[in-house]
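# Residue-level structural notes
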Amino acid sequence: MGGALEDISPTLMEIGEEQFERVRAGLAGRPDRDTGVHHARKAIKRLRALLRLVRPELRKPRFRDLDRRLRDAGRALAPLRDARVSLDTLEEVAAGRCPTLQERLAERYERASAGLLVGPIADRMADARREWISLLTPIEVGAVAGARRVHRRGSDRYRAVVGRGEAKDFHEWRKQVKHLRYQLEALRTAGAAGLDDAISSLDELGEVLGAEHDLTVLMGLVDAEPRCGSEREVLLADLEVRRSARRREAVPMGDPAFGTGAEGFAAQLGLIGGSRR
């Protein structure tokens, strides 16, 4: 990673304000409710990734408190977004193959939409915004310690994917891939050079892992829908073929950053050395 970045707290403050504003707009239903919720969740995930970038500079209680606020806000939005994604995924990969499941997912979406209480989430995010400003204002933030930690965790999750390959392993790996990509984007905004290829590869990997996750969720819903009848087993087999293809695609994509090439990747980005807090 080219260039010394002694203090990126001004950049993080600016990016943070942009993300909090995106959450506010999304909760207000702009440009529409589904898209707004999606944008708000993405912004919250980006905020949590940036918080991990400065984690080594923070006391554990303060980090955990703000991370919990952001996590809880994201979880409150999850049912509506997950219901929408499941409907869209079913339509994309298995349109008309299990009408009873489509009806159930549509009902699930309507319940989630009716049950979404925006006010408490907005209040929680307003508190988180004030805490964000309070945390970043008085400290000087180094550039790489938090990213180094996330990269190590991503490498650990990658080994679990290669070793066990269970759905939870792919899900946990996907989270670290997203965190690292968001962190590198912040470092690039702060002036770090040579990150474009790494960010692009992480973005592409995240898309493949996202498709794998959506298929995993849909498989669970199909498996729990007995009214699909004999079509259920055929549909599950088809979904498994699609999911396996995404997994086979993801593992070699991740190897240069998190597997055999992890040490070189970290060295290239300047993530090796210094404190291992």
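Here is a short report on the structure shown in this document. Given the structure is predicted, the values throughout are model-derived calculations rather than measurements.

Quick look at the overall build of the protein now. When its secondary structure is counted, the protein shows ten helices and zero strands. The C-alpha atoms of the protein give a radius of gyration of 20 Å, which matches the 19 Å a tight globule of 277 residues would have. Projected onto its principal axes, the C-alpha coordinates of the protein cover approximately 60 × 45 × 30 Å. For the protein, the proportion of its 277 residues judged to be buried stands at 45%.

Counted under the stated rule, the structure contains one disulfide. Each sulfur in the disulfide pair C98 and C228 lies 1.7 Å from the other. Taking the torsion about the S-S bond as the criterion, the C98 to C228 disulfide, at about -90°, is left-handed. Here C98, found in the loop between α3 (60-94) and α4 (99-115), pairs with C228, found in the loop between α8 (196-223) and α9 (231-258); they are 130 residues apart in sequence, far enough to count as distant. Exposure remark for C98: the relative accessible area of 3% places this residue in the buried category.

Turning our eyes to something else, we now look at the pattern of salt bridges. Tallied over the entire structure, the rule returns 32 salt bridges. Here R52 ties to D67 by a salt bridge, and the two come within 2.8 Å at their closest N and O atoms. Taken together, the residues span a long stretch of sequence, with R52 in helix α2 (residues 33-53) and D67 in helix α3 at a distance of 15 residues. In terms of burial, R52 and D67 fall into one category: buried. With its nearest N and O atoms 3.5 Å apart, the salt bridge here joins D203 to R181. Residue D203 is located in helix α8, and its partner R181 is located in helix α7 (residues 167-189); the two are separated by 22 residues in the primary sequence. The network of salt bridges with common partners includes D65, R68, R69, R71, D72, D127 and R130.

Scoring rules and cut-offs
- Residues numbered from 1 in each chain as written.
- Predicted model: local features only at pLDDT ≥ 70, side-chain atom pairs only at ≥ 80, totals over all residues.
- Heavy atoms only, no water.
- Helix = DSSP H or I, 4+ residues; strand = E, 2+ residues; numbered from the N terminus.
- Rg over C-alpha atoms; globule rule 2.2 N^0.38 Å.
- Buried < 20%, exposed > 50% of the residue type's maximum accessible area, 1.4 Å probe, protein only.
- Disulfide = S-S within 2.5 Å.
- Salt bridge = Lys/Arg side-chain N within 4 Å of Asp/Glu carboxyl O.

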